[in-house]
Structure formats: structure tokens, C-alpha cells
Amino acid sequence: MVGRGELTDKAWVVIEPLLPPRQGGGRRWRDHRQVINAILWKLRTGAPWRDLPDRYGPWKTAHERLRLWTKDGTWDRILDRVIVKDDAVGDLEWIVSVDSSVVRAHQHAAGARKKGDAATESKPALDGEGLGRSRGGVSTKIHLVVDGRGLPMRFLLTPGQAGDNPQLVPLLDGITVARIGPGRPRCRPETVIADKAYSHPSTRRAMRDRRIRFVSPERDDQIARRAAKGRSGGRPPAFDAEVYKQRNVVERCFNRLKQFRDLATRYAKRAAYYQAELTIAAIVLWLQ
């Protein structure tokens, strides 16, 4: 019987072939499905690893499996596999929305060793492990892009005080979605919807260069500056208010991600582990 919050049989059929083979020789590896369910319990409850229920096996086993599969990119490969674009569905999925959300860091998230960790050797280092000071205190900011259904496609971590606009282009450049059937992966959305935080002339130029329709309202100071210049200020950028109404899907995605209490408050010391937890939660949303 599948317990609350555990992998369903349907999800397990998709995930199982993508997991590393069990190691031969020595002691037999604990069942992969049991270990993933242990990690999901940790994500859902936000409890310390040592409080893991006995039915999931030793907590050190689950934590070590999380570490190993973070290091070798297993979680990222699974997410890439479950995000598959079926062109028969239509173009609505390629009207993507972007936004960010600040997550308060628990005091246990501080104090990571300066020399690094084996889990992050194969990943680019993140200054200060993605921890910074925003108005809410020590925090991490999640930058997220979702498709037209509100399903997560790509996310980045920065310190909590980082601005939104500089992360837009790196977010979009990281999108690579395989197609069902032949054809190269698709990397460029049709339309990007974003709020005023992303409204900057350099961003609009970048979107034009990529031939991406950019739907974002102007900030009040930009409107006032153009009005002060008169005709020399140029025409206002095009803005489709009806399309902009679809931006709420990214807010709903953040709401779903933060149902996992381990994501709503950051406890992980390493940014690589916290990003792996985000990836696992995204996999669960795609497989529901």
C-alpha cells in the first residue's frame, strides 16, 4: 500500500529505469523506492533526518543516497526525462511565466564548511551557499520559470537580496525540453510573461534578439521618464493585458512547491542539496 506522500506505482514505473544500477559486491543496497520515499517524507515534513521513521530504514542511508545522486546529476536527469514536450498539445505550454520567491533560512542552514563538500565537486560553486540578507532576514531566493500549465521547467538559487531581472536570461537559457518522437530539444519559448521587476530596456532587447515575445508592464518611473522626454522618449512597449493574466500560474506553482515544508523553510546547509530537493519536488509535480 502506498503511504501518504510516497511514490505512486505510476510514478515509480517512470523513475525506476532512470536510477543508477544497484552496486554489486559487498552489502546489498537498500531498495531505491524505499529510500526515495524516505527523502520525500523529509521534504514533506521538514523534520530532522534523525527523526526519519523506522519504516524507511536508516536515516544515514537516505541522506547518503541524496548526496550521491546530487553529485552525479541523477535528479537532474530524471527531471529532464519527465519534462517532455508533446507538440500535439499546442503552443499554450510555451507561454512561460517567470517570478521569484524568498525563502527564509533556518539557523541550521548556516555554518557550512568553507572548503566545500563532495556533493558539490561536479557543480558550480554558489557564493555563500545561496544565503543572503533580505528584509526578512537570512534567506535564499528561488527564481522559477513554469510552462503554461504552471509546471516547473527551470529554477535558479541566489542569495535573498539578489535582484530578479539579472536572472531572467540565465533562466531561459537553461531550458531544454525533449520532444516526443524525432527532433532536437526545444530551448526557446514563444512568450515570456513577467512582472514589473523584469521590466528593463536591456531585458526587452535580449528578448527581441531571441525573437521571444515579452509581456511585462512598465514600471512607473520608466513611464514618467519617457513622458518627460516627450517624442524623443519613444513609443511605449507593447503590452497584452489578456496574456498577462496567465502569469498567476507561476504563483500557484510556488504555492505547490512550498507545500513541501523542507522547501518553505530552508534547512539545508549546502545550496546543492537544497536545489536537489527543489528538483525532486518538481519531479513529483510533473508525475502527479
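Calculation criteria
Residues numbered from 1 in each chain as written. Predicted model: local features only at pLDDT ≥ 70, side-chain atom pairs only at ≥ 80, totals over all residues. Heavy atoms only, no water. Helix = DSSP H or I, 4+ residues; strand = E, 2+ residues; numbered from the N terminus. Buried < 20%, exposed > 50% of the residue type's maximum accessible area, 1.4 Å probe, protein only. Contact = heavy atoms within 4.5 Å. Areas by Shrake-Rupley, 256 points an atom, 1.4 Å probe, with all protein chains shown as cover. Salt bridge = Lys/Arg side-chain N within 4 Å of Asp/Glu carboxyl O. Phe/Tyr/Trp six-rings, centres within 6.5 Å; stacked < 30°, edge-to-face > 60°. Lys NZ or Arg CZ within 6 Å of the ring centre and 35° of its normal. Axes fitted to C-alpha atoms, helices over the stretch in contact; angles between N-to-C directions. Parallel < 35°, antiparallel > 145°, perpendicular 65-115°, else oblique. Left-handed = near helix turned anticlockwise from the far one by under 90°. Nonpolar A, V, L, I, M, F, W, Y, C, P; charged D, E, K, R; others polar.

Asker: When you look at the overall build of the protein in this model, what are you seeing that I'm missing?
Answerer: Helix and strand counts for the protein come out as eleven helices and nine strands. Across the 288 residues that make up the protein, the buried fraction comes to 48%. Contacts in the protein between residues far apart in sequence, at least 24 positions, make up 66% of those at least 6 positions apart. Summed over all atoms, the accessible surface of the protein reaches about 15600 Å², with 50% contributed by carbon and sulfur.

Asker: Would you mind showing me how to read the pattern of salt bridges here?
Answerer: Using the criterion set out here, one finds 16 salt bridges in the structure. Lys141 is paired through a salt bridge with Asp164; the nearest N and O atoms lie 3.1 Å apart. Residue Lys141 is located in strand S4 (residues 137–146), and its partner Asp164 is located in the loop between strand S5 (152–159) and helix H5 (168–173); the two are separated by 23 residues in the primary sequence. Asp164 carries the same exposure label as Lys141, and that label is buried. Across the pair Arg225 and Asp221 runs a salt bridge, and its minimum N-O distance is 3.5 Å. Here Arg225 pairs with Asp221, and both are found in helix H7 (residues 220–229), just four residues apart, close to one helical turn. Assessed through its relative accessible area of 36%, Asp221 is described here as partly exposed. A cluster of three or more residues bridged by salt bridges with shared partners is formed by Asp99, Asp195, Arg247 and Glu251.

Asker: Explanation requested: the packing of aromatic side chains in the structure shown.
Answerer: Overall, the coordinates contain two aromatic pairs when judged by the stated rule. Arranged with centres 5.4 Å apart and planes meeting at 70 degrees, the rings of Trp69 and Trp75 form a pair that is edge-to-face. Above the ring of Trp94, the side-chain terminus of Arg186 is found at 4.4 Å from the ring centroid.

Asker: So what exactly am I meant to see when it comes to the packing of helix H4 (residues 74–82) against helix H11 (residues 271–287) here?
Answerer: The relative placement of two packed helices comes down to the angle between their axes together with the axis-to-axis distance. At a closest axis distance of 9 Å, the pairing of H4 and H11 adopts a crossing angle of 25 degrees. Classified by the angle between their axes, H4 and H11 sit roughly parallel to one another. The element H4 and its partner H11 pack so that their crossing is left-handed. Contacts between H4 and H11 involve Trp75, Asp76, Ile78, Leu79 and Val82 from the former and Ala276, Thr279, Ile280, Ala282, Ile283, Trp286 and Leu287 from the latter. Each residue belonging to the contact of H4 with H11 can be placed in one class, and the counts come to ten nonpolar, one polar and one charged.

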